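# Working through the structure, step by step
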Amino acid sequence: MPENMKLTRELKEKIDSIVAKSETKQSALIPVLREIQNAEGYLTNESMEEAAKILGLTPANVQSVATFYTMFFRKEPGKHVVWLCRTLSCALKGAEQAEHHMCEKLGVHTGGTTSDGKITLMEAECLASCGTAPVMLVDDDLVENLTKEKIDRIIEELRKD
Ligand code: FES
């Protein structure tokens, strides 16, 4: 691992462990970026450059992956992140209406964060709960069979937190 790393010792150890378990350094890239984001909240240019050094990749390689996947934040997200599934089963069960309702309630477009910094609304690909569509992840909790009433209750709770 290069000197002058800004990553914490604990994070470096986690990254080393990911790299050690990976077949190639390239295949460790996404798990490493996830680990950095879990620790720091989002990916800075500096943290991506550090990831590139650790993995022997170019900063452009790392940036292209980080910008391709919507799960990686390039700026600080809200305190809570809501991932609304927009894939087929959820779309057929009203995800679009749920998204419009959420945007209206939150006063943001998808991808945006409320002005109080509490909630970021994102679209997600299939969350593997098609049978209970439409669904969304609120931070790490899956919320199934969404209705406008359920969405309103959740938003109210998140705003209080
Ligand atoms: S399509 Fe939404 S959970 Fe599968």
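Keep in mind that what you see is a predicted model, and the values were worked out from it rather than measured. (Residues numbered from 1 in each chain as written. Predicted model: local features only at pLDDT ≥ 70, side-chain atom pairs only at ≥ 80, totals over all residues. Heavy atoms only, no water.)

Moving on, we come to the environment of Glu 99. If you trace the backbone, Glu 99 turns up in helix 6 (residues 95-106). As for Glu 99 and Met 122, which are separated by 23 residues in sequence, their C-alpha atoms are 9.4 Å apart. If near-sequence neighbours (up to four positions away) are discounted, Glu 99 is found in contact with Leu 84, Arg 86, Thr 110 and Glu 123. Here the side chain of Glu 99 touches Arg 86 through a polar contact of 2.3 Å, side chain to side chain. (Helix = DSSP H or I, 4+ residues; strand = E, 2+ residues; numbered from the N terminus. Contact = heavy atoms within 4.5 Å. Polar contact = N/O pair within 3.5 Å; in protein donor to acceptor, adjacent residues only side chain to side chain.)

The next thing to look at is the sheet that holds strand 4 (residues 141-143). Strand order in the open sheet formed by four strands is 2-1-3-4, with mixed pairing between adjacent strands. Each edge of the open sheet carries a strand with a single partner, namely strand 2 (119-124) and strand 4. Averaged over all pairs of adjacent strands, the angle between strand axes in this sheet comes to 25°, irrespective of strand direction. Pairing geometry for strand 3 (residues 136-138) and strand 4, over three bridges, is antiparallel. (Pairing = 2+ DSSP bridges. Axes fitted to C-alpha atoms, helices over the stretch in contact; angles between N-to-C directions.)

Take the confidence of the model for the protein next. In the predicted model, the protein carries a mean pLDDT of 93, and the fraction of residues at 70 or more is 96%. In the predicted structure, residues 1-5 sits below a pLDDT of 50 and forms nine contacts with residues beyond four places in sequence or in another chain. (pLDDT = per-residue confidence, 0-100.)

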